[in-house]
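# Structural characterization, general
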Amino acid sequence: MDFENIEVSTEGAIHTITINRPKQLNALNRATIKELNTALNAADENSGIRAVIVTGSGEKAFVAGADIKEFAEFTVAEGKALSADGQKLLFDRVEQMNKPVIAAVNGFALGGGLELAMSCHVRIASDNARLGLPEVSLGVIPGYGGTQRLAHLVGKGKAMEMITTAGMVKAADAYQWGLVNKVVAPEELMNEAKTMASAMCANSPMAVVGAMKSILAGYTDGVNGYETEIAEFGKCFGTDDFKEGTTAFIERRKADFPGK
Ligand code: DAK
């Protein structure tokens, strides 16, 4: 697949998507959002891929936000339409992937960039990363799910502070607040992300996705997380993964999950 704004690579069961506009600090324009949607769809359909890492190209930025130069001229109607489209094509798409997605946050994650990282299931940051939702400093509010996902991750009070001050937080604070799962040296970032991805890949893909759906259900309006958990738990008993997992345990060997 040929892309202009992103790069993709696969090592074993781990697929890496790199946003590749380093001169614009990997800012998300419409073309990049579309390419990311295409790459995510392809990764989801490929049963050989069991975990995805999303990162930014260069040493400075994961993603420094939506492309300000592109949205500067939008009208109210365009802004609303683009927010809805963007949420569907990228941010909700990432969250609803049928395999875990890790954000390897290698520098600035601002605005739409932090919203993208927060849509991923797990975040690992390099110690030089800076995270924030500076939208109100530009006269807009976070429009790609940021008001909701930030509050889910760090709580209402910290979300209110971060969004209304438009300030950036350091990786160490982001870790303390639960906004990122781990902080490592920049040169360790991709190794750490791949180590975590490998641990995920060793488990039953069917069980991993069922567990992720259940967790997310608890954060979705109108959906009962406990009921989702019961339904997903039940489904496990009809999978080949469950047969393999229990048989491997009894036979004292490592499970080799077929992923169905
Ligand atoms: N968009 C476009 N270009 C960007 C950019 C961005 N978000 N961020 C950086 N760049 C470009 C800079 O313009 C500069 O390009 P040249 O001028 O060299 O051509 C190049 O990247 C390097 O940036 P700097 O020279 O500024 O680098 P510094 O190290 O001095 O500063 C910085 C790094 C990250 C602190 C600074 O670049 C910065 O403040 N960037 C903007 C951060 C920001 O405010 N991001 C946007 C957040 S708001 C919407 C839905 C959602 C959103 C909007 C609309 N709709 C549905 C309509 C979301 C909005 C946001 O994400």
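The structure this text deals with has already been given above.
Because the structure is predicted, anything quoted here is derived from the model rather than measured.

### A word on the site of the ligand
As a matter of local geometry, the ligand sits amid 25 residues, with K60, A64, A66, S83 and G112 nearest to it. A distance of 3.3 Å is found between an oxygen atom of the ligand and a backbone nitrogen or oxygen belonging to K23. Between A64 and the ligand, the recorded distance is 2.8 Å, taken from a backbone N or O atom to a nitrogen atom. Alone, the ligand offers 1,100 Å² of accessible surface; in the complex the protein occludes 68% of this. Where the shell around the ligand is concerned, the elements lending two or more residues are helix 2 (68-71), helix 3 (76-95) and strand 6 (108-110).

### Some remarks on unusual backbone geometry
The phi dihedral of A166 falls on the positive side, at around 60°, and the residue is not glycine. Following the sequence through the fold, A166 ends up in the loop between helix 6 (156-165) and strand 9 (168-170). Among the residues examined, A166 registers a relative accessible area of 19% and is labelled buried. In this model, R252 sits at a positive phi of 55°, which is unusual for a non-glycine residue. In this structure R252 comes out as exposed when scored by relative accessible area, which is 80%.

About the criteria used
Residues numbered from 1 in each chain as written. Predicted model: local features only at pLDDT ≥ 70, side-chain atom pairs only at ≥ 80, totals over all residues. Heavy atoms only, no water. Near = heavy atom within 4 Å. Polar contact = N/O pair within 3.5 Å; in protein donor to acceptor, adjacent residues only side chain to side chain. Areas by Shrake-Rupley, 256 points an atom, 1.4 Å probe, with all protein chains shown as cover. Helix = DSSP H or I, 4+ residues; strand = E, 2+ residues; numbered from the N terminus. Buried < 20%, exposed > 50% of the residue type's maximum accessible area, 1.4 Å probe, protein only.

As far as function goes, none of this settles anything; it's purely spatial.
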